[in-house]
Amino acid sequence: MVIPTSVEILSKNAGALRVASVNVNGIRAAYRKDMAAWVADRDVDILCLQEVRAPDKVMRELIGDGWHILHAEAKDKGRAGVAILSRVEPVAVRENIGDEYFADSGRWVEADFDLNGEIFTVVSAYVHSGELGTQKQDDKYRFLQRMTEHLPALAAQKDHVLVVGDLNVVHTEKDIKNWKPNHNKRAGVMDEEIAYFDGFFGAVGYVDVARQLAGDAQGPYTWWSYRGQAFDNDAGWRIDYHMATPGLAEKAIKSHVDRASAYDLRFSDHAPLVVDYQF
């Protein structure tokens with residue numbers, strides 16, 4: 001895999017649509033750590049956030065002008081919350097994956113955009129992290145099952161669909177630094193979870209865009225624990241995705257994980273995943 005230069009990473013082709021996704025791990029904390037500078041420099045057209053964990057008023061004040069903001073707060077204050085920020089106004093929005101059990105969970109939001117007469121649907125999703133042997137894991141499986149049912153319906157109704165976000169599962173050994181000590185021992189690396197992703201990128205018909213562009217390489221990872229030396233040792237997990245319908249995946253020309261250059265320069269324990277689509 002050719003490593004792009006900083007100029008290549010920042011540059012955007014004429015007509016390209018840049019979509020970025022990041023779990024901010026609390027937007028107030030992220031902005032205290034200078035997330036605003038990253039947003040200002042990245043020339044993003046659609047920015048999807050997960051774990052906003054703030055009231056809508058607070059989030060809008062932090063983001064500032066120049067964005068159309070769709071924000072689904074979680075009923076439980078200080079938890080979850082997903083958002084889609086766009087430079088152009090969506091033509092339709094939805095805030096539920098279709099299961100009333102998750103209606104106020106702040107884990108799924110959809111926006112439709114009109115691109116030259118075609119409907120381009122963007123989803124910002126935050127799948128449960130889960131915890132083995134608990135209700136959290138049961139909820140995770142219920143959510144993944146609902147995705148399995150909902151994603152084909154979206155693809156059938158729209159011209160292009162892009163599901164991005166923190167999906168909290170590594171798909172293969174290439175997506176985690178330390179596979180053996182974690183496989184079938186920790187939530188996120190369980191075969192039952194992975195089977196859903198086999199389906200998403202198989203029978204359900206979506207494409208793992210970052211993997212398509214990276215090829216058969218280890219990583220690149222998008223999340224590193226704050227514990228120990230995980231970041232410095234690049235002991236990460238690839239759990240943030242761009243999942244696209246095939247026609248859209250063919251338009252993906254460039255993908256990059258904006259990993260901070262040093263531990264103390266991170267604004268979240270996740271790094272943004274940025275992809276350019278050439279229309």
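Here the residue numbering is sequential within each chain, running from 1 through the sequence in written order. Whole-chain, interface and lining totals are the exception, using all residues; otherwise, since this is a predicted model, local features are given only for residues with pLDDT of at least 70 and side-chain atom pairs are given and counted only at 80 or more. Remark: hydrogens and water are excluded; side-chain values derive from all non-hydrogen atoms of the structure.

**Student:** Give a detailed account of helix α5 (residues 135-157), specifying residues and quantitative values.
**Tutor:** Numbered from the N terminus, helices here are DSSP runs of H or I no shorter than four residues, and strands are runs of E no shorter than two. One fewer than the residue count of a helix, multiplied by 1.5 Å, yields its expected span. For α5, spanning 23 residues, the distance from its first C-alpha to its last is 33 Å, which sits close to the expected 33 Å at 1.5 Å a residue. Along its length, α5 reaches its greatest deviation from straightness, about 25 degrees, at histidine 150, and the proline proline 152 lies no more than four positions downstream. Categorising residues by exposure relies on relative accessible area from a 1.4 Å probe, with only protein chains included: less than 20% of the type maximum marks a residue as buried, more than 50% marks it as exposed, and the intermediate range marks it as partly exposed. Where α5 is concerned, the buried positions are Gln137, Asp139, Lys140, Tyr141, Phe143, Leu144, Arg146, Met147, His150, Leu151 and Leu154. The contact criterion used throughout is that any non-hydrogen atoms of two residues lie within 4.5 Å. The inward-facing, buried residues of α5 abut β6 (108-115), β7 (118-126), β8 (160-166), α6 (191-200) and β10 (240-244). The term polar contact refers here to a pair of N or O atoms within 3.5 Å; inside protein, the definition further demands a hydrogen-donor-capable atom paired with an acceptor-capable atom, and it admits residues adjacent in sequence only when both atoms are side-chain atoms. For α5, the capping residue at the N-terminal end is threonine 134, with a side-chain oxygen 3.2 Å from the backbone nitrogen of lysine 136. What the bend at a residue measures is the angle between two axes, fitted to the seven residues ending there and to the seven starting there.

**Student:** Would you mind going over the packing of aromatic side chains in detail, with residue names and values included?
**Tutor:** Two rings belonging to Phe, Tyr or Trp (six-membered ring only in the last case) form a pair when the distance between their centres is within 6.5 Å. Interplanar angles under 30 degrees mark stacking, angles over 60 mark edge-to-face geometry, and anything in between is tilted. Within the structure shown, the criterion is met by 14 aromatic pairs. A centroid spacing of 5.9 Å and a plane angle of 45 degrees characterise the contact between tryptophan 38 and phenylalanine 267, whose relative ring orientation is tilted. Separated by 229 residues along the polypeptide, tryptophan 38 in helix α3 (residues 35-41) and phenylalanine 267 in the loop between β11 (252-257) and β12 (273-278) bring together distant segments of the chain. As far as the burial class goes, tryptophan 38 and phenylalanine 267 line up, both buried. An aromatic cluster is defined as three or more aromatic residues linked by ring pairs; in this entry it consists of Tyr101, Phe102, Trp108 and Phe143.

**Student:** Please set out the side chain of glutamate 193 residue by residue, giving values where relevant.
**Tutor:** With respect to the helices, strands and loops of the structure, glutamate 193 is situated in helix α6. A relative accessible area of 0% means that glutamate 193 is categorised as buried. Among the polar contacts made by the side chain of glutamate 193, one reaches the side chain of lysine 140 at a distance of 2.8 Å. Once residues within four sequence positions are removed from consideration, glutamate 193 is found in contact with Gln137, Lys140, Tyr141, Val169, Arg186, Ala187 and Gly188.

**Student:** Could you give an account of the UniProt feature "site: Important for catalytic activity" (unreviewed entry) in the protein chain, with specific residues and numbers?
**Tutor:** UniProt positions are given in the numbering used here, feature names are shortened, and annotations may be inferred rather than shown by experiment. Per the UniProt entry, the sites bearing "site: Important for catalytic activity" (unreviewed entry) are Asp240 in this numbering. Note on placement: aspartate 240 falls in strand β10. Once you skip the residues sitting within four places of it in the chain, aspartate 240 turns out to touch Asn23, Gln50, Gly165, Asp166, Thr222, His270 and Leu273. In this structure the side chain of aspartate 240 is engaged in a polar contact, spanning 2.5 Å, whose partner is the side chain of threonine 222.

**Student:** So, the packing of α5 against α6: which residues are in play, and what are the values?
**Tutor:** Viewed as axis vectors pointing N to C, α5 and α6 meet at an angle of 10 degrees, and their least axial separation amounts to 11 Å. Of the possible angle classes, the one that applies to α5 and α6 is roughly parallel. Listed contacts from α6 to Gln137, Lys140, Tyr141, Leu144, Gln145, Met147, Thr148 and Leu151 of α5 are Glu192, Glu193, Tyr196, Phe197 and Phe200. For helices, the fitted axis covers only the stretch in contact; all axes are lines through C-alpha atoms, and the angles between them, taken along N-to-C directions, range from 0 to 180 degrees. For classification purposes, angles smaller than 35 degrees are called roughly parallel, those larger than 145 roughly antiparallel, those between 65 and 115 roughly perpendicular, and all remaining angles oblique.

**Student:** Hey, could you go over the pairing of strand β3 (residues 68-72) for me, with residue numbers and the actual values?
**Tutor:** Across the five residues of β3, four count as buried, placing the element largely inside the fold. One bridge is not enough; two strands pair if DSSP finds at least two bridges between them. Sheet topology note: the β3/strand β4 (residues 82-86) ladder contains five bridges and is antiparallel. Note on β4: the bridge partner recorded for histidine 68 is serine 86.

**Student:** I'd like a description of the nonpolar core, backed by residues and values.
**Tutor:** The tendency in soluble globular proteins is for nonpolar side chains to be buried side by side. Throughout this description, the term nonpolar core refers to a set of buried Ala, Val, Leu, Ile, Met, Phe, Trp, Tyr and Cys residues connected via side-chain atoms within 4.5 Å. If you look at the biggest cluster of nonpolar residues, it comprises 33 residues, and the most contacted ones within it are Trp108, Met147, Leu151, Val163, Phe197, Phe200 and Met243. Contributions of two or more residues to this core are made by β7, α5, β8, α6 and β10. Top element by residues in this core is α5. It accounts for six residues. Once residues lying within four places of it in the same chain are set aside, the contact partners of methionine 243 are Leu151, Val161, Leu162, Val163, Leu167, Phe200, Phe201, Tyr206 and Val207. Formed by 25 residues, the second largest nonpolar core is a distinct cluster that contains Ile46, Ala111, Phe120 and Val209.

**Student:** Before we move on, could you go through the sheet that holds β4 and cite the residues and values that matter?
**Tutor:** Taken together, six strands build an open sheet; the order of strands is β3-β4-β2-β1-β12-β11 and the sheet is mixed. On the outer flanks of this sheet lie β3 and β11, each paired with one strand and no other. Strand-to-strand twist across the sheet, computed as the mean angle between neighbouring axes with direction ignored, equals 15 degrees. As judged from the five bridges shared by strand β2 (residues 46-50) and β4, these two strands associate in the antiparallel manner.

**Student:** Talk me through the UniProt feature "site: Interaction with DNA substrate" (unreviewed entry) in the protein chain; I want residue IDs and the actual numbers.
**Tutor:** As recorded in UniProt, the feature "site: Interaction with DNA substrate" (unreviewed entry) lies at His270. With respect to the secondary-structure elements, histidine 270 resides in the loop between β11 and β12. Among all residues touching histidine 270, those that are not within four sequence positions of it are Val22, Asn23, Asp166, Thr222, Trp223, Ile239 and Asp240. One polar contact links histidine 270 to aspartate 240, side chain to side chain, over a distance of 2.9 Å.

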